[in-house]
Amino acid sequence: MKDTKAISKKTLRSFLREEDGMGTVEIILIIVVLIGLVMIFKKQLTNIVNDIFDKIATQSSSI
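Residues numbered from 1 in each chain as written. Predicted model: local features only at pLDDT ≥ 70, side-chain atom pairs only at ≥ 80, totals over all residues. Heavy atoms only, no water.

**Considerations on the overall build of the protein chain**
Selection rule: Per the convention used, a helix needs a DSSP run of H or I reaching at least four residues, while a strand needs a run of E reaching at least two, with both numbered from the N terminus. Only protein chains enter the area calculation, which uses a 1.4 Å probe; residues under 20% of their type maximum are buried, those over 50% are exposed, and those in between are partly exposed. Only the protein chains shown count as cover for residues, and the accessible areas themselves come from Shrake-Rupley with a 1.4 Å probe.
Per the secondary structure count, the protein chain includes three helices and zero strands. Secondary structure elements of the protein chain occur, N-terminal to C-terminal, as α-α-α. With 63 residues in all, the protein chain has 0% of them scored as buried. Total accessible area on the protein chain stands at roughly 6,400 Å², and carbon and sulfur atoms take up 68% of it.

This is how it looks when you write it as structure tokens:
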């Protein structure tokens, strides 16, 4: 029984010290935040993009 506890503690300690998955978690959190910002500011972003394309269309005809 003591061997199982010792192995469990050792496994838990090594798992907590391991940092391989941290980069993946950070990237996922950044993506979630970006998606949230896009959802919050969707109307403003759509207006900005439409204004840019309108300017491109009007100014390209003068060239």
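**Thoughts on the confidence of the model for the protein chain**
Counted only if it meets this: Residue-level confidence of the predictor is summarised by pLDDT, bounded by 0 at the bottom and 100 at the top.
When pLDDT is averaged along the protein chain, the result is 84; 83% of the residues meet or exceed 70. The secondary structure element of the protein chain with the lowest average pLDDT is helix H1 (residues 2-17), at 72, and the one with the highest is helix H3 (residues 42-61), at 93.

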